[in-house]
Structure formats: structure tokens, C-alpha cells
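Tertiary structure, described
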Amino acid sequence: MAELQFNSANVEPQQSFDPIPKGWYDLMIEQVELKPTKAGTGSYLSLQLKVQGGEFNNRTVFDMITYSNPNAQAVEIGHRKLSALCRAVGIVELKSTDMLENRIVAGKVGIKVDKTGEYDPSNDVREYKSAAAATAPVTGNVASNTQTAANAVAGASAASAGAAPGEEDDADAPWNQ
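Residues numbered from 1 in each chain as written. Predicted model: local features only at pLDDT ≥ 70, side-chain atom pairs only at ≥ 80, totals over all residues. Heavy atoms only, no water.

Moving on to the overall build of the protein. Looking only at helices and strands, one finds 3 helices and 5 strands in the protein. Taking all 177 residues of the protein together, the buried fraction comes to 34%. A separation of at least 24 residues holds for 54% of the contacts in the protein among residues at least 6 apart in sequence. Carbon and sulfur atoms form 51% of the exposed surface of the protein, whose accessible area is close to 11,200 Å². (Helix = DSSP H or I, 4+ residues; strand = E, 2+ residues; numbered from the N terminus. Buried < 20%, exposed > 50% of the residue type's maximum accessible area, 1.4 Å probe, protein only. Contact = heavy atoms within 4.5 Å. Areas by Shrake-Rupley, 256 points an atom, 1.4 Å probe, with all protein chains shown as cover.)

Written out as C-alpha cells, the structure reads:
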């Protein structure tokens, strides 16, 4: 028998990995990395974003944006999405992934279903637009930033698209087929 020194009252329990409902959320861009594709023929931006405020506060959502690829259409789609993200946070010329980090953006979160059944459903971000909060990088105390961001964008999620999380008006959208 091994002796342990662990008090569960001092540690937050693990969060669910189930996808959050579809809808518009205010998201803090926590981490952005440029990664090579599995085939090694292109690259993509890997984003880690954290929900700010509401029922799903502090839940993490991931996104991938194609940056380079032999398929010109994939590049065009990726660059359009990256353009929307940059414009949403007030960046005209993106010179480093660091420029995107610690900024708040409104993101339309969707649920991606693996058609092979190999992976569980997961969230992705379908669209980006400007959040009501300032787009300057948030610095300093993370706990106070989260509260400040939540206060700054109170009601912005509902006003962003006129729908609460999980209440979508895109029932006929291609990703719901």
C-alpha cells in the first residue's frame, strides 16, 4: 500500500470533454502555433481558445486554420478564416502568431462529428467576428482578466448573433447535414 498526501478539496475536478452547444461565444485566444500538416506538405495554425463568461466559462475550444497547402482551395478557405480572425481583433498585418494571443474574439462554435466513428464529437470554430471587449492583448492577472473580459462583454454573446448558445438559426447549414 502506498501512502498519499492529496486533498481533493484543493483541486478543481476534471471538466467534461463533451462539446459545448453550438452558438456564439466570447473566446480568449490563449495559444496559437504554426504546425506542419501530417503529410508534411503544408502548415496550419492550431488555436487554443477559452470561453469567457456564461455557463461554459473557462471551457477550452480548439480550432485549426489552413495556412499553406498544395490544394489552392484549402489555402483560400484558410486565409479567409484567418482574415476574419485578424480583422476581429484589429490586426491588419499578422507577422507573428504571438500577435493573436491573449485577445478576445467572438467565435461561432460548431460541433464536428467524425464520420468514421473513430473519434467522439468535438467543437470547432466556424466563424470569427469582433467581440464587444477591447481587442488589445489582455495582460496581468489572468483571474482579473477573465472577470474584466466577462464584465466588458456582458450580454455581447446574445447581442452578437441574436441567439443564445445552443440556439442556432443555421439548421440548414452544410455542417449540420
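At N58, a residue that is not glycine, the phi angle is positive and equals roughly 70 degrees. Relative to the assigned elements, N58 resides in the loop between strand 2 (43-51) and strand 3 (60-68). At N102, a position not held by glycine, the phi torsion is positive, near 65 degrees. Topologically, N102 is positioned in the loop between helix 1 (72-88) and strand 4 (104-112).

Let's shift gears to the pairing of strand 1 (residues 23-36). The sheet contact formed by strand 1 and strand 4 spans 6 bridges and is antiparallel. Bridge pairing links W24 to K108 in strand 4. Where strand 1 lies against strand 2, 9 bridges are found, and the strand directions are antiparallel. Residue pairing for strand 2: P36 is matched across the bridge by S43. Linking strand 1 back to strand 2 in an antiparallel pair, the connection comprises 6 residues, with G40 at a positive phi of about 80 degrees. (Pairing = 2+ DSSP bridges.)

Attention shifts here to the side chain of D124. Relative to the helices and strands, D124 is located in strand 5 (residues 122-130). A distance of 2.9 Å separates polar atoms of two side chains, one belonging to D124 and the other to R126. Setting aside chain neighbours within four positions, we find D124 in contact with F62, D63, K108, V109, G110, I111 and K112. (Polar contact = N/O pair within 3.5 Å; in protein donor to acceptor, adjacent residues only side chain to side chain.)

So, on to the layout of surface pockets. Quantified by volume, the largest pocket comes out at close to 580 Å³. Lining the largest pocket are 20 residues, and of these V61, F62, K112, S122 and N123 sit closest to its centre. Broken down by secondary-structure element, the contributors of at least two residues to the lining of the largest pocket are strand 3 and strand 5. Here the element with the most residues in the lining of the largest pocket is strand 3; it accounts for 5 residues. For the lining of the largest pocket, the per-class residue count stands at 6 nonpolar, 7 polar and 7 charged. (1 Å grid on protein atoms, 1.4 Å probe; cavity = no way out; pocket = protein on both sides within 12 Å on 5 of 7 lines; lining within 4 Å. Points joined across faces, edges and corners; volume = space filled by probe spheres on them. Nonpolar A, V, L, I, M, F, W, Y, C, P; charged D, E, K, R; others polar.)

With that settled, consider the nonpolar core. Formed by 23 residues in total, the largest nonpolar core has its most connected members in L27, I29, L47, L85, L100, V105 and Y128. Breaking this core down by element, the ones donating at least two residues are strand 1, strand 2, strand 3, helix 1, strand 4 and strand 5. Sequence-distant contacts of L27, defined by excluding residues within four places in its chain, comprise L49, K50, V51, Q52, R103, I104, V105, G107, V109 and V125. One finds M28, I104, A106 and A131 within the second-largest nonpolar core, a separate group that totals 5 residues. (Core = buried A, V, L, I, M, F, W, Y, C linked by side-chain atoms within 4.5 Å.)

Two measures describe an aromatic ring pair: the distance that separates the ring centres and the angle between the ring planes. Under the defined criterion, the tally for this structure stands at 1 aromatic pair. When the ring of Y25 is compared with that of F56, the centres are 6.4 Å apart and the planes differ by 80 degrees; the resulting orientation is edge-to-face. Residue Y25 is found in strand 1, and its partner F56 is found in the loop between strand 2 and strand 3; the two are separated by 31 residues along the sequence. Assigned by exposure class, Y25 and F56 land together as buried. Positioned above the aromatic ring of W24 is the side chain of K129, whose terminal nitrogen or guanidinium carbon lies 4.3 Å from the ring centre. (Phe/Tyr/Trp six-rings, centres within 6.5 Å; stacked < 30°, edge-to-face > 60°. Lys NZ or Arg CZ within 6 Å of the ring centre and 35° of its normal.)

Before going further, it helps to spend a moment on the sheet that holds strand 1. Here we have 5 strands laid out as an open sheet, ordered 3-2-1-4-5, and antiparallel in their pairing. Edge positions in the open sheet fall to strand 3 and strand 5, since each of these has one partner strand only. This sheet shows a mean twist of 45 degrees between the axes of neighbouring strands, independent of strand direction. For strand 2 and strand 3, the ladder comprises 8 bridges, and the chain directions are antiparallel. Each residue of the ladder has a partner; that of Y44, found in strand 3, is T66. Along the sheet face, helix 1 touches strand 1, strand 2, strand 3, strand 4 and strand 5 and points at about 125 degrees away from the line of strand 3. (Axes fitted to C-alpha atoms, helices over the stretch in contact; angles between N-to-C directions.)

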